[in-house]
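Here's the letter readout for the chains.
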Amino acid sequence: MSQHYFDSEKTTHKRFELPGAKPHYNPDRPGQVEHIFLDIGLDIPQKSCYGTCSIRLLPVRNGIDRLTLDAVNLQIKSVQVDEVVQNFEYDGEKLCIHLSQPTKIGNRLLIAIAYTAEKPQRGIYFIQPDKHYPHKPTQIWTQGEDEDSRYWFPCFDYPGQLSTSEIRVRVPNPLVAISNGELIETVESGEYKTYHWSQQQVHPTYLMTLAVGDFAEIRDEWQGKPVTYYVEKGREVDAKRSMGKTPQMIEFLSKKYGYPYAFPKYAQVCVDDFIFGGMENTSTTLLTDRCLLDARAILDNRNTESLVVHELAHQWFGDLVVIKHWSHAWIKEGMASYSEVMWTEREYGDQEAAYYRLAEARSYLSEDSSRYRRPMVTHVYREAIELYDRHIYEKGSCVYHMIRAELGDELFWQAVQTFVQDNAHKTVETIDLLRAIEKAAGRNLAFLFDQYVYRGGHPDFKVAYSWDGDANLAKVTVTQTQAKADSQDLFNLKIPIGFGYKENPKLTTFTVRVHEKEQSFYFPLTERPDFISFDVGNNYLKTVKLEFPIAELKAQLEFDPHPISRIYAAEALATKGGLEATKALSSALKNDPFWGVRVEVAKQLAEIQLDQAFDGLILGLQDPSPFVRRAVISSLSQIKTHHSYKAVKSFVQDGDESYYVEATACQTIAAIAAANLEDKSHEDKVIKLLKSVLEERAGWNEVVRSGAIAGLAEFKTSEVALNIILEYTKIGVPQPLRLSAIRALGKISTGQTPANIERILDRLAEIARETFFLTQVAVLTALGQMETPKAIGILQSLANQTADGRVRRYAEEEVAKVQNNIGTDKTLRQLREELDQLKQQNQELKSRLENLEAKSK
Ligand SMILES: [Zn+2]
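Treat the numbers as computed from the prediction; the structure is a model and nothing was measured.

Undergrad: Looking at this structure, how should I read the sheet that holds strand E27 (residues 493–501)?
TA: Across a sheet, strands are paired by hydrogen bonds formed along the backbone, either parallel or antiparallel in direction. Strands sit in the order E28-E27-E30 across an open sheet of three strands; the sheet is antiparallel. Where the open sheet ends on each side, the last strands, each with one partner, are strand E28 (504–514) and strand E30 (531–534). On average, each strand axis in the sheet is inclined to that of its neighbour by 25 degrees, with strand direction left out of account.

Right under this line is the structure:
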C-alpha cells in the first residue's frame with residue numbers, strides 16, 4: 001500500500017501506543033482455508049453487494065464444532081456446510097457457525113454463506129455522479145488492507161491464511177469488472193455482463209479485489225503475460241505516460257528478486273476517490289487516478305513512477321511472500337519503498353538514488369522527532385492501520401539499505417533471492433529474513449536488527465576534526481548525542497571515515513567501531529587532507545552534525561564524490577554563516593553537477609542572514625532543473641524584501657514550465673507580501689493576483705490553484721483572503737482544490753477576528769459531517785492549526801464518529817496540538833514578529849560590514 005498523497009505534519013512528541021492499545025495476535029486456526037469463491041451481484045444505485053461466499057476449509061483437527069468468521073455489518077441470509085443448513089449466531093462483527101457435524105481431519109468442509117452488504121462503510125466503495133459532481137464516473141472498487149475485506153464478504157480475515165480465490169460478478173453494461181488472476185469466462189445476458197475471474201496462486205483475504213467501471217483498457221505485455229492499464233476513457237495517453245515503464249520494471253524486479261513475476265497477468269486500475277496512493281492487490285493493483293500525469297506534470301513529478309514501482313514490488317514482497325501478521329509489515333513496506341530507491345538507481349543513477357534515500361531517511365526522522373518513536377516491529381496497537389507510518393515505510397527502506405551495505409551488493413541480492421525463493425507462496429515473519437541472510441551470506445545480522453528494527457531510534461552523531469601537522473595525525477571525535485554515557489541508547493556500528501584530496505577523487509578510508517558516547521580516533525596520513533567524509537557512502541541511518549573548520553567544509557562541498565556528504569557540508573557551512581560560507585554555497589548552487597545538491601544548497605542559503613545570500617540564491621532562478629527553481633523560490637519566502645518579491649512575481653505572472661514551480665511561486669509571493677516589511681500595498685495587489693490565478697489556471701490536479709490558495713492563507717489578518725478561501729471550500733469545487741481550501745482555513749484562522757474564527761469553525765464543523773476520508777483528513781489538518789478550544793470539540797466528535805482508524809488517530813493527535821497551540825502566549829508571538837524585524841535590520845548592517853571587511857582584506 002502507498003500513502004504518497006497525504007502527509008500531515010505533526011509537531012508533538014507522544015507515545016505510539018494510544019490509550020486502549022493492546023497486544024494483537026493472529027487467532028487460532030480451525031484449519032487451512034483452501035479456496036474462496038465469491039459469486040456476487042452489485043446494486044449500484046443502492047450501493048450494495050449481494051451473493052454467496054463459499055469457503056473450502058481443510059480442518060486442522062478433529063472435533064471442532066464452532067467456526068468463527070469475520071463479517072462486519074452484513075446481512076447473513078443463510079449458512080450451509082456441504083449443502084446442509086447450519087445454525088449460526090451473528091452479532092454484526094463475528095459470524096459463529098454451529099457445525100451440525102464436528103470436523104474430522106482430512107474431511108474438507110464447503111461453507112456457503114448467502115449474504116448482502118448494504119451501503120458498506122468500508123471494504124467496498126461505490127463512486128457515482130451526483131448533483132454537485134455530475135461528471136464523476138460510476139466506479140466500484142475495494143480496499144481490503146488491513147482488516148476491511150470483512151466489510152464486503154465473510155472470511156477468516158487475517159494475513160496468516162492463504163488460499164486460492166475466485167470472483168464471479170454481474171455488472172450492468174458498459175461497465176467492466178477487473179479482479180485477481182485470470183478472466184476465465186464472460187457471459188452476456190441482456191443489459192448485464194458477468195465476469196468470472198480466478199486466481200490459482202494462494203494469497204490472503206486482504207489482497208482480494210474488485211474494480212468496476214467504464215474503463216479504457218490499454219494493453220502492454222511482459223514475456224507474453226498481459227500487462228494492462230485501466231483508466232477513465234479519454235486518459236489513454238496519460239495512462240501510457242504514467243505507467244508505461246511497467247514491463248521494464250517487471251523485468252528489473254524479476255531479476256533482482258531472483259523470481260520471475262509469479263501471477264498470470266498484471267493489471268493497474270486507476271480509480272476515482274481512492275483513499276490511498278495505491279494498493280497492491282494480487283496481480284491487480286489499484287492506483288489513485290490522481291497519479292495520472294499530463295505532459296507538463298511528468299517534467300518534475302517522480303511520485304507516480306515511484307508509486308508504480310512500489311506497488312509492483314509488493315507483488316513479490318507482500319503478495320508472493322506474505323507477512324504472517326501486521327506487526328511484520330515493514331518487511332513488505334520497507335522493501336517496496338526500497339524498490340523506489342533501486343528503480344531510481346537503475347533509471348537515473350547513483351546520485352539520484354542516494355538523494356532519494358536521504359529524502360526517505362528525513363521523512364522517518366521527522367516522524368521520529370515530532371510524532372513518536374517506536375520499534376519497527378510491534379504488535380501493541382489499537383488498530384493495525386496505525387502501523388502504516390514512516391517507521392515501516394521509510395525507515396524500513398533505510399534498514400534494507402543498511403543490510404545491503406553490510407553484506408555488499410552480491411551477497412545482499414543472494415540473500416533477498418533466497419528469502420523470496422524459500423518463502424514464495426508462504427507467510428513470513430522478521431526472523432525469516434534474518435534466517436535467509438544467514439543461509440545465503442553466512443552472516444548474522446541480529447545486531448543490526450536489534451538496534452534498528454526491534455528498538456526505536458537511530459544515532460545522532462556529532463563529528464569534530466582537527467589536524468596535528470607535527471605528527472601528521474588527523475583527529476576525529478565522534479559523539480553519540482542521542483545517548484547518555486553507557487546507556488542502552490548507544491549504537492554500536494562500524495563506520496568508514498574517509499579523507500579526501502582535491503586532486504584525487506578517491507578517498508583514503510578507515511573503518512572504525514563507534515560504540516561509546518564519545519570517542520576520538522587518530523589517523524596517520526602522509527599529508528593533510530582537504531576534507532573529511534564521515535560514514536563514507538552514507539549507508540547508515542543517522543543524523544550528523546559536522547564540526548569541521550570552514551576550509552574543510554568548503555572543500556567537501558566542492559569535491560566530496562558523495563552527494564549526501566556534500567549536502568551535510570552545505571548544512572554545516574550554513575550554520576557557520578558569514579560571507580565565506582555564503583560564497584561557497586552560492587558557487588555550489590551554480591556549479592554542483594547534481595540538481596539534488598543544488599536544491600539543498602538553495603535551502604541552506606536562505607538560512608544565512610546576509611544580503612549576499614540573496615544575490616547567490618537569485619541566480620538559481622535560471623536553473624535548468626525545475627526541482628532547483630522550486631527550491632530557490634521556496635527559499636525566497638524567507639527573504640522578505642522587495643527584491644525577492646519582484647523576482648518571484650514574474651513566476652506568478654508569466655508562469656513556468658513546471659506546475660509545481662508556479663504553485664510555489666504563488667505561495668512565496670504571498671509569504672513575502674504578508675510580512676509587510678517594506679510596502680503595505682503589496683498585500684492587496686497579491687490577493688488580486690492570486691484571485692486571477694484561481695479564476696484562470698484550473699488544471700492538472702489543481703496544483704497551481706492549490707498554490708494560490710496556500711498563498712492566500714498567508715494573509716492571516718485579511719478578511720478578503722478568508723472569504724475567497726471559504727468560497728473554494730464549497731461542495732462542487734474540484735476536489736483537490738477544495739481539499740487545499742479546507743486545509744488553508746486552519747492557517748488563516750490564527751490572525752482572524754473572533755467573528756471570523758466562528759465562521760471558520762462553523763464551516764469546518766459542517767464539512768466534518770462528510771464521510772469521505774480525504775475530506776475528513778483535510779478538516780483535521782485545518783483544526784489542528786487553530787488556536788481555539790472550540791476546535792477540540794469538533795475534533796473529538798470526528799474521532800468518535802469516524803469509521804476510519806487513521807482518522808481517529810489523527811483526530812486525537814490534533815487535539816493535543818490544539819492544546820499546545822492554545823498554550824502559546826499571544827504576546828510571545830508578537831515578540832517573535834518584532835524580533836524578526838530586528839533581525840532583518842541587523843542583517844543589513846551585518847551584510848555591509850562583511851563587504852567592508854572583504855574589501856579591506
Ligand atoms: Zn506499500
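Moving on, there is more to tell.
Undergrad: How should I be thinking about the nonpolar core in this particular structure?
TA: Most often, soluble globular proteins keep nonpolar side chains buried together rather than apart. Membership of the largest hydrophobic core comes to 280 residues, with the highest contact counts inside it found for Tyr257, Trp330 and Ile403. Top contributing element to this core by residue count: helix H17 (residues 659–675), with ten residues. Beyond its immediate stretch of four places on either side in the chain, Trp330 contacts Met335, Met376, Val377, Ile392, Gly396, Val399, Tyr400, Thr430, Leu433, Phe449 and Val453.

Undergrad: Looking at this structure, how should I read the side chain of Ser658?
TA: Of note, Ser658 is situated in the loop between helix H16 (642–654) and H17. In this structure Ser658 comes out as buried when scored by relative accessible area, which is 0%. From its side chain, Ser658 meets the backbone nitrogen of Tyr660 in a polar contact 3.0 Å long. Beyond its immediate sequence surroundings of up to four residues, Ser658 is in contact with Arg296, Leu299, Asp300 and Pro626.

Undergrad: Explain the packing of aromatic side chains here, please?
TA: Pairs of aromatic rings are described using the distance from one ring centre to the other and the angle between the two planes. Counted according to the given criterion, the structure contains 33 aromatic pairs. A centroid spacing of 5.9 Å and a plane angle of 70 degrees characterise the contact between Trp330 and Phe449, whose relative ring orientation is edge-to-face. Of this pair, Trp330 sits in helix H4 (residues 330–348) while Phe449 sits in helix H9 (residues 446–452), and the two are 119 residues apart along the sequence. On the basis of relative accessibility, which here comes to 0%, the residue Phe449 falls in the buried class. Members of the aromatic cluster, connected to one another through ring pairs, are Tyr257, Tyr261, Phe263, Tyr266, Trp316, Phe317, Trp330, Tyr400, Phe419 and Phe449. It is Arg170 that lies over the ring of Tyr192; its NZ or CZ is 3.9 Å from the centre.

Undergrad: Looking at this structure, how should I read unusual backbone geometry?
TA: With glycine set apart, most residues show a phi of negative sign, and most peptide bonds adopt trans. Cis geometry is adopted by the peptide bond preceding Asp146, which originates at Glu145 and carries an omega value of 5 degrees. On the secondary structure map, Asp146 appears in the loop between strand E11 (139–142) and strand E12 (163–172). Note the cis peptide between Asn173 and Pro174, where omega equals 0 degrees. By the element assignment, Pro174 lies in the loop between E12 and strand E13 (176–179). In this model, His425 sits at a positive phi of 60 degrees, which is unusual for a non-glycine residue. With respect to the helices, strands and loops of the structure, His425 is situated in the loop between helix H7 (409–423) and strand E24 (426–428). Residue Asn701 is not a glycine yet carries a positive backbone phi of 50 degrees. Its location among the elements puts Asn701 in the loop between helix H18 (682–696) and helix H19 (703–712).

Undergrad: How should helix H8 (residues 430–441) be read in this particular structure?
TA: Note that an α-helix has 3.6 residues per turn; residues three or four places apart therefore point the same way. End to end, H8 covers 17 Å across twelve residues, agreeing with the expected 16 Å (1.5 Å per residue, within 8%). Turning to H8, its buried residues number three or more, namely Thr430, Asp432, Leu433, Leu434, Ala436, Ile437 and Ala441. Where H8 is buried, its residues touch H4, helix H6 (391–407), H7, E24 and H9. Once H8 ends, the next one or two residues include Gly442, with phi positive near 70 degrees.

Undergrad: Sorry, what's going on with the sheet that holds strand E7 (residues 87–90) here?
TA: Strands sit in the order E4-E8-E7 across an open sheet of three strands; the sheet is antiparallel. Strands at the two margins of the open sheet, each flanked by one partner only, are strand E4 (66–70) and E7. Within this sheet the neighbouring strands show an average axis-to-axis angle of 20 degrees, counted without direction. Pairing geometry for E7 and strand E8 (residues 94–98), over four bridges, is antiparallel. Directly across from Phe88, in E8, lies its bridge partner Ile97.

Undergrad: Which parts of the structure should I look at to understand the pairing of strand E29 (residues 518–524)?
TA: Along a regular strand, successive side chains alternate from one face of the sheet to the other. Going residue by residue along E29, you find Gln519, Phe521 and Phe523 tucked away on one face and Glu518, Ser520, Tyr522 and Pro524 left uncovered on the opposite face. Looking at chain direction, strand E26 (residues 473–480) and E29 are connected through seven bridges and run antiparallel. Bridging across to E29, Leu473 finds its partner in Pro524.

Undergrad: Can you help me understand the pairing of E27 in this one?
TA: For E27, the tally of buried residues reaches eight of nine residues, placing the bulk of the element in the interior. In the sheet, E27 pairs with E28 via eight bridges, with the strands oriented antiparallel. Across the sheet, residue Pro496 finds its bridge partner in E28, namely Thr511. In this structure, the hairpin formed by E27 and E28 is closed by a connection of two residues. The sheet contact formed by E27 and E30 spans four bridges and is antiparallel. By the bridge assignment, Gly500 is partnered in E30 with Phe531.

Undergrad: How do you make sense of the packing of H4 against helix H5 (residues 350–370) when you look at a structure like this?
TA: Helix packing for two helices is described by the angle between their axes and how far apart those axes are. Look at H4 against H5: their axes get within 7 Å of each other, and the N-to-C directions meet at 155 degrees. Taken together, H4 and H5 sit at an angle that is classed as roughly antiparallel. Between H4 and H5 lies a crossing of right-handed hand. Of the residues in H5, those in contact with Ser337, Glu340, Val341, Thr344, Glu345 and Tyr348 of H4 are Asp350, Glu352, Ala353, Tyr356, Arg357 and Glu360. A class-by-class count of the residues in the contact of H4 with H5 yields four nonpolar, two polar and six charged.

About the criteria used
Residues numbered from 1 in each chain as written. Predicted model: local features only at pLDDT ≥ 70, side-chain atom pairs only at ≥ 80, totals over all residues. Heavy atoms only, no water. Pairing = 2+ DSSP bridges. Helix = DSSP H or I, 4+ residues; strand = E, 2+ residues; numbered from the N terminus. Axes fitted to C-alpha atoms, helices over the stretch in contact; angles between N-to-C directions. Core = buried A, V, L, I, M, F, W, Y, C linked by side-chain atoms within 4.5 Å. Buried < 20%, exposed > 50% of the residue type's maximum accessible area, 1.4 Å probe, protein only. Contact = heavy atoms within 4.5 Å. Polar contact = N/O pair within 3.5 Å; in protein donor to acceptor, adjacent residues only side chain to side chain. Phe/Tyr/Trp six-rings, centres within 6.5 Å; stacked < 30°, edge-to-face > 60°. Lys NZ or Arg CZ within 6 Å of the ring centre and 35° of its normal. Expected span 1.5 Å × (residues − 1). Parallel < 35°, antiparallel > 145°, perpendicular 65-115°, else oblique. Left-handed = near helix turned anticlockwise from the far one by under 90°. Nonpolar A, V, L, I, M, F, W, Y, C, P; charged D, E, K, R; others polar.

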